[in-house]
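# Observations on the model geometry
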Amino acid sequence: RKNLSLLSSQQVELAKMLLEMNQSHLFQHWPEPGVNDDDKLAFLEQVARLNASYPGGLASYIKTARELLADSKAGKNPYDGFSPSVPSGEALTFGDDKFVQYEDAGVWEARKAVFVLVAGGLGERLGYNGIKVALPLESTTGTCFLQHYIESILALQETSCRLAQGEGLTEIPLAIMTSDDTHLRTIKLLESNAYFGMKPTQIKLLKQEKVACLDDNDARLAVDPHNKYIIQTKPHGHGDVHSLLYSSGLLKEWLDAGRKWVLFFQDTNGLLFKAIPAALGVSATNEYHVNSLAVPRKAKEAIGGITKLTHQDGRTMVINVEYNQLDPLLRATGNPDGDVNCETGYSPFPGNINQLIFEIGPYLEELSKTGGSIKEFVNPKYKDSTKTAFKSSTRLECMMQDYPKTLPPSAKVGFTVMDTWYAYAPVKNNPEDAAKVPKGNPYHSATSGEMAIYRANSLILRKAGVKVADPVNHVFNGQEVEVFPRIVWKPKWGLTFSDIRSKVKGNCSITQRSTIAIKGRNIYLEDLALDGALVLDAIDDAEVKVGGSVQNAGCIIQSVDFKDTSVPEEVRIRGFKIIKVEQLEKTYSEPGKFSLKL
Ligand code: UGB
């Protein structure tokens, strides 16, 4: 290995910077030259990595940390001088004329879009040991979140590029932000599934680095308790996505290639793509630089609230206020009850679901000024009220939805409120915590996430004219949920409401105990009466009309206790499994027109 006397000038500069920034404790334990040189080199290499991965470098990190820690000690309110009010945005109703117009506009625009999935979090609240994008979003077909996301993007790509034939753009890129916790497992999931049908070159992985932990109010960097040559690090938050898109050159590449929109989304929302086309249509029609998707939110629910903030000096911004800050902000500004439901039964502040659509041009222009750094915050857990010592080391954090905080007032920042039933069903909470959620508030568990898919698909088919039976109530893992028929389809079968509406005809009906999985693009249901389980598959060149009556024993749902470790974790956390007793399967693998009368 290298001798310490051969340190690069950059390493020497960084060590000097640390000494100047009152970080001499990092070197105090170093023995004389020649002893532990490999450890010392590894330490300096880590310092160089931490320096390179933070906009402005480590010196800037330490400086910002000191300022934020001083503000936190002084109890400074980050919203000092601002008063909150309810903003106005675009509200959509699934399936009505306006919604369909926005969907059409969104599908047309989609060929100029890129998607960015933030998937660097481990999901501590869920307590699942794998990566969250590998979890099945429903267990009827076992499709995992990543597969569903990729297939949805491919379906959008196919339709949008076909509509705009000859315009040159043929692929919608996907970038995935990973972290050390998720990177290798994300690659493995993609590689072992042939990238779920996407071209490998269409997907770019950007790994976020962790940031240095801080031991005290002077922002002294924390060393690992087990190895003094390692600086302790923790995740910096999903806000890293902006600096990564900027520093990797991807944003510029996309803009140069004629792309206009970047859509950010999170790791476990199986409903999201039902809302994407219309939301993109809203961005395009209203020429929003920033468009945040929101849903009605119960007061104190653990999702941020979209809020209009007006400063005493007249400045205003529409921004997410995180769930733990909205209530204190309201109380401090003349609303003694804080965050409470209004007469609608919901908080007047719509809930941020962290699905953001930015116009790339103005976004890149802004990042060229900021380097992609996002307003950070610090959340130290103090030992006592003197706020002089921490219970454990802390670090700076940042959130992707804070991007608009640095924008000038001329920026067009809007939001779109969608109904929760078709836009938002994340899988975030473990069964025990979900069972403790106050009645009426969403569980956000694997159980509710899956049931939300069946509910949304049932309600959409109803809107399209199918007679879908009412749900029955069941309790799984201590959570009472409505169980609709298990209706699932591939994104390419029904990407938009108009698409779906064109594929069901005549008098169709589905009973509550039924299951239907539609896997082919050109499958049409016509006068179909289903009471049991039916699986339909067809290649894209096969057009199949399916009608008549199906009756069989179908699939049954069997309860599973989350504590039963003999059952795989992804099954246990949802509290049930699906047993296929009898199902009718029809597959069409030859091109042509077919009519199936059952
Ligand atoms: N994530 C990363 O990629 N890197 C990180 O360092 C951390 C997370 P959580 P959170 O949808 O209900 C957000 O932990 O942060 C990814 C919004 O802030 O699931 O508590 C991670 O993989 C909040 O306003 O959520 O809360 C995941 O995909 C509200 O919208 C995503 O970031 C809330 O989500 C979110 O991480 C919500």
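Below is a summary of the structure that appears in this document. (Residues numbered from 1 in each chain as written. Predicted model: local features only at pLDDT ≥ 70, side-chain atom pairs only at ≥ 80, totals over all residues. Heavy atoms only, no water.)

## Focus on the overall build of the protein
Threshold: Each helix is a run of H or I in the DSSP string that is no shorter than four residues. Each strand is a run of E no shorter than two, and both are numbered from the N terminus. The globule rule used here is 2.2 Å times the number of residues to the 0.38 power, and the radius of gyration it is set against is calculated over C-alpha atoms. Three labels apply to residues, based on accessible area from a 1.4 Å probe with only protein chains included: buried if under 20% of the type maximum, exposed if over 50%, partly exposed otherwise in between. In what follows, residue pairs with any heavy atoms lying within 4.5 Å of each other are defined as contacts. Accessibility throughout is a Shrake-Rupley quantity obtained with a 1.4 Å probe, and a residue counts as covered only by protein chains that appear here. Charged residues are defined narrowly, with Lys and Arg counted positive, Asp and Glu counted negative, and His plus the chain ends left uncounted. Here the site of a charge means atom NZ of a Lys, CZ of an Arg, CG of an Asp or CD of a Glu.
From N to C terminus, the protein includes 17 helices and 31 strands. Relative to the 2.2 N^0.38 estimate, which gives 25 Å for 598 residues, the radius of gyration of the protein is 26 Å and therefore close to what a compact globule would have. A principal-axis box enclosing the C-alpha atoms of the protein has dimensions of 85 × 60 × 55 Å. Evaluated residue by residue, the protein yields a buried proportion of 54% over its 598 residues. Within the protein, contacts between residues separated by at least 24 positions form 71% of all contacts whose residues are at least 6 apart in sequence. Accessible area for the protein stands at about 25,500 Å²; split by element, carbon and sulfur atoms hold 49% of it. A distance of 1 Å separates the average location of the 68 positive side-chain charges in the protein from that of its 71 negative side-chain charges.

## Remarks on the pattern of salt bridges
Counted only if it meets this: What counts as a salt bridge is simple: a side-chain nitrogen of Lys or Arg found within 4 Å of a carboxyl oxygen of Asp or Glu.
Counted under the stated rule, the structure contains 30 salt bridges. The salt bridge partner of Lys16 is Glu13, with a shortest N-O separation of 3.7 Å. Of this pair, Lys16 and Glu13 are both found in helix H1 (residues 9-20), three residues apart, which corresponds to roughly one turn of the helix. By relative accessible area, which is 44% here, Lys16 ends up partly exposed. Relative accessible area serves as the criterion here: at 47%, Glu13 is assigned to the partly exposed category. Two residues, Lys436 and Asp433, come together in a salt bridge whose shortest N-O distance is 3.8 Å. A single network of salt bridges, built from pairs that share partners, joins Glu158, Arg162, Lys492, Arg521 and Asp540.

## A closer look at the packing of H1 against helix H3 (residues 37-52)
To keep it simple, the criterion reads: Interaxial angles span 0 to 180 degrees and are taken between N-to-C directions of axes, which are lines fitted to C-alpha atoms, for helices over the stretch in contact. Roughly parallel here means an angle under 35 degrees, roughly antiparallel means over 145, roughly perpendicular means 65 to 115, and every remaining angle is called oblique. Here the term charged refers only to Asp, Glu, Lys and Arg, the term nonpolar to Ala, Val, Leu, Ile, Met, Phe, Trp, Tyr, Cys and Pro, and the term polar to all other amino acids, Gly among them.
Two elements in contact, H1 and H3, have axes whose closest approach is 10 Å; the angle formed by their N-to-C orientations is 80°. On the basis of the axis angle, H1 is roughly perpendicular to H3. Judged by residue contacts, Gln10, Gln11, Leu14, Ala15 and Leu18 of H1 engage Leu44, Glu45, Val47, Ala48 and Asn51 from H3. Across the contact of H1 with H3, the residue classes break down as six nonpolar, three polar and one charged.

## Some thoughts on the site of the ligand
Convention followed: Here a residue counts as near a molecule or strand whenever at least one of its heavy atoms sits within 4 Å of it. In protein, a polar contact requires one atom able to donate a hydrogen and another able to accept it; more generally it is a pair of N or O atoms within 3.5 Å, and residues adjacent in sequence count only if both atoms are side-chain atoms.
Lining the immediate environment of the ligand, one finds 24 residues, of which Val118, Gln208, Asp267, Asn352 and Tyr424 sit closest. The separation between an oxygen atom of the ligand and a polar side-chain atom of His238 is 3.0 Å. Contact with the protein chains covers 89% of the free accessible surface of the ligand, which is 710 Å². Here the element with the most residues in the shell around the ligand is strand E14 (residues 347-359); it accounts for three residues. Across the shell around the ligand, the residue classes tally to nine nonpolar, eleven polar and four charged.

## Digging into the environment of Asn473
Tracing the backbone through its elements, the reader meets Asn473 in strand E19 (residues 472-476). If we skip the residues at most four places from it in the chain, Asn473 touches Glu480, Val481 and Glu482. Polar contacts involving the side chain of Asn473 include one to the side chain of Glu480, which spans 2.9 Å.

## Focus on the side chain of Thr186
Positionally, Thr186 belongs in helix H7 (residues 183-191). When near neighbours in sequence (up to four residues on either side) are disregarded, Thr186 contacts Ile131, Ile176, Thr178 and Leu205.

## Overview of the nonpolar core
Inclusion rule: To qualify as a nonpolar core, a set must consist of buried Ala, Val, Leu, Ile, Met, Phe, Trp, Tyr and Cys residues joined through side-chain atoms within 4.5 Å.
With 109 residues, the main nonpolar core has Phe115, Leu146, Leu174, Leu461, Ile516 and Leu525 as its most contacted residues. With nine residues, the single largest contributor to this core is helix H15 (residues 446-463). Beyond its immediate chain neighbours, meaning those up to four positions away, Leu174 contacts Phe115, Leu117, Ile150, Ile153, Met198, Gln202, Ile203, Lys204 and Phe265. Ranked by size, the runner-up nonpolar core spans 30 residues in total, among them Leu58, Ala65, Leu68 and Ala212.

## Here's the deal with the environment of Val571
Take Val571: it is sitting in helix H17 (residues 569-572). You can call Val571 partly exposed: its relative accessible area is 21%. Among all residues touching Val571, those that are not within four sequence positions of it are Val560, Phe576 and Lys577.

## A word on the sheet that holds strand E26 (residues 533-538)
Rule in force here: Paired strands, in this sense, are two strands between which DSSP finds at least two bridges.
Within the open sheet, the four strands sit side by side as E21-E24-E26-E30. Their pairing is parallel. Each end of this open sheet is capped by a strand with a single partner; those strands are strand E21 (486-489) and strand E30 (584-588). Going from strand to strand, the sheet's axes swing by 5° on average, the running direction of each strand aside. As defined by bridge partners, strand E24 (residues 515-518) adjoins E26 across four bridges and the pair is classed as parallel. Bridge pairing links Ile518 to Leu536 in E26.

## Description of unusual backbone geometry
What you tend to see is this: most non-glycine residues have negative phi, and most peptide bonds are trans. The backbone of Asn22 shows a phi angle near 60°, a positive value even though the residue is not glycine. Non-glycine residue Asn354 carries a positive phi angle of around 55°. Following the sequence through the fold, Asn354 ends up in strand E14. Judged by its relative accessible area of 4%, Asn354 falls in the buried class.

## Side note on the packing of helix H5 (residues 97-109) against helix H10 (residues 272-286)
Where H5 contacts H10, the two axes come as close as 6 Å, and the packing angle between them is 85°. Put simply, H5 runs roughly perpendicular to H10. Counted together, Phe99, Tyr102, Glu103, Ala105, Gly106, Val107 and Glu109 of H5 and Lys274, Pro277, Ala278, Leu280, Gly281, Val282, Ala284, Thr285 and Asn286 of H10 form the full contact between these two elements. Looking at side-chain class alone, the contact of H5 with H10 contains nine nonpolar, four polar and three charged residues.

So, to be careful, I would describe these as geometric facts and stop short of saying anything about function.
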